[in-house]
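Remarks on the overall topology
The chain contents come next:
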Amino acid sequence: VKYSGCGPISSGLCMNKDLTKVVLKSNNIRTARWLNVSSVEEIDYDKIEEIGYPVFIKPTNGGSSVATFKIYNKEEVENAVAEGLKYDAEVMIEEFIKGDEITCPVFAGEMKPVIAIKPTSDFFDFTQKYVEGGAEEVVVELEESLHKEVEAMALATYKALKCDVYARIDMIITEEGKPYVLEVNTLP
């Protein structure tokens, strides 16, 4: 049986977010800024200020938005980090990119139709993903030049991470029409 998903940095449903972002950045694939911490003592509030609020705080190796928090100010950071550390040994603090979420299924090196994700709340959290009616997910036609850029980024991500068979690449498209890769799911 051939392994479906990505190479040695795969971790369950979603790849290790920190390693994914390092590979993306080294391949000049646009992704949100981030930092990681392994304890509340490691929180660098100056770096978070550089990134700017709001930020997302989530387990580095998690998936399905479990223990993921959208944090609006410094006072909320420590509790969110502590909660995330209950699920993983490391927590990612990631820049919030305002825009529309899409997901790009890739099968055997070919991108399939783009799906728009329209949550009914602030972000596509665990409840939105798994409760009936939690979010609308529909095939979407992007403007041609944007579609080409999204497809190029999705395929470059798939290749850079040495994915094989299938993966789903989640992105945010900003109001200015700039796509950012959020994460890669190896068991879409």
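Structural notes, computed from the coordinates. The structure presented is a predicted model; accordingly, all values stated were derived computationally and were not measured.

Here we look at helix α5 (residues 144–160)
For α5, built from 17 residues, the straight-helix expectation of 24 Å at 1.5 Å per residue is met to within 8% by its first-to-last C-alpha distance of 24 Å. Three or more residues of α5 are buried, namely Leu146, Val150, Met153, Ala154, Thr157 and Tyr158. Taken around the axis of α5, the buried residues stretch over an arc of 135°, which confines them to a single face. What points out from α5, more than 90 degrees from its buried face, is the exposed set Glu144, Lys148 and Lys159. Once α5 finishes, lysine 162 follows within two positions and takes phi at roughly 60°, a positive value.

Things to note about the pattern of salt bridges
Proximity of charged atoms lets side chains of opposite charge pair with each other. Counted under the stated rule, the structure contains nine salt bridges. Across the pair glutamate 94 and lysine 58 runs a salt bridge, and its minimum N-O distance is 2.6 Å. Taken together, the positions of glutamate 94 in strand β4 (residues 91–95) and lysine 58 in strand β2 (residues 55–59) put the pair 36 residues apart, joining distant regions of the chain. You can call glutamate 94 buried: its relative accessible area is 2%. Using a relative accessible area of 10% as the deciding quantity, one classes lysine 58 as buried. One salt bridge connects aspartate 170 with arginine 168, and the closest N-O pair in it is separated by 3.2 Å. Owing to a relative accessible area of 23%, arginine 168 belongs among the partly exposed residues under this scheme. Through salt bridges with shared partners, a single network forms among Lys21, Lys58 and Glu94.

Section: the sheet that holds β4
Spatially, β1-β4-β2-β3 is the arrangement adopted by the four strands of the open sheet, whose pairing is antiparallel. The open sheet has two edge strands, β1 (34–37) and β3 (69–71), and neither has a second partner. Adjacent strand axes in the sheet meet at a mean angle of 25° when their direction is disregarded. Examined bridge by bridge, β2 and β3 share three bridges and lie antiparallel to one another. When the bridges of β3 are listed, valine 55 appears paired with isoleucine 71. Across the sheet, helix α3 (residues 74–84) is in contact with β1, β2, β3 and β4; its angle to β3 comes to roughly 165°.

Here we look at unusual backbone geometry
A cis amide bond, omega 0°, links tyrosine 53 with the succeeding residue proline 54. The residue proline 54 is located in the loop between α2 (45–51) and β2 in this model. Phi at asparagine 28 is positive, roughly 55°, even though this residue is not glycine. Tracing the backbone through its elements, the reader meets asparagine 28 in the loop between α1 (17–26) and β1. Phi angles above zero are rare outside glycine, and alanine 108 is one such case at about 50°.

Considering α3
Residues Val77, Ala80, Val81 and Gly84 constitute the buried set of α3. Along the axis of α3, the buried positions cluster into a sector of 100°, meaning they face one direction only. When the buried face of α3 is taken as reference, the exposed residues oriented beyond 90 degrees from it are Glu75 and Asn79. On the buried face of α3, the contacting elements are β1, α2, β2, β3 and β4. Here α3 starts with a cap whose side-chain oxygen sits 3.1 Å from the backbone nitrogen of glutamate 75, and that cap is asparagine 73.

What counts and what doesn't
- Residues numbered from 1 in each chain as written.
- Predicted model: local features only at pLDDT ≥ 70, side-chain atom pairs only at ≥ 80, totals over all residues.
- Heavy atoms only, no water.
- Helix = DSSP H or I, 4+ residues; strand = E, 2+ residues; numbered from the N terminus.
- Expected span 1.5 Å × (residues − 1).
- Buried < 20%, exposed > 50% of the residue type's maximum accessible area, 1.4 Å probe, protein only.
- Arc of directions from axis to C-beta.
- Salt bridge = Lys/Arg side-chain N within 4 Å of Asp/Glu carboxyl O.
- Pairing = 2+ DSSP bridges.
- Axes fitted to C-alpha atoms, helices over the stretch in contact; angles between N-to-C directions.
- Contact = heavy atoms within 4.5 Å.
- Polar contact = N/O pair within 3.5 Å; in protein donor to acceptor, adjacent residues only side chain to side chain.

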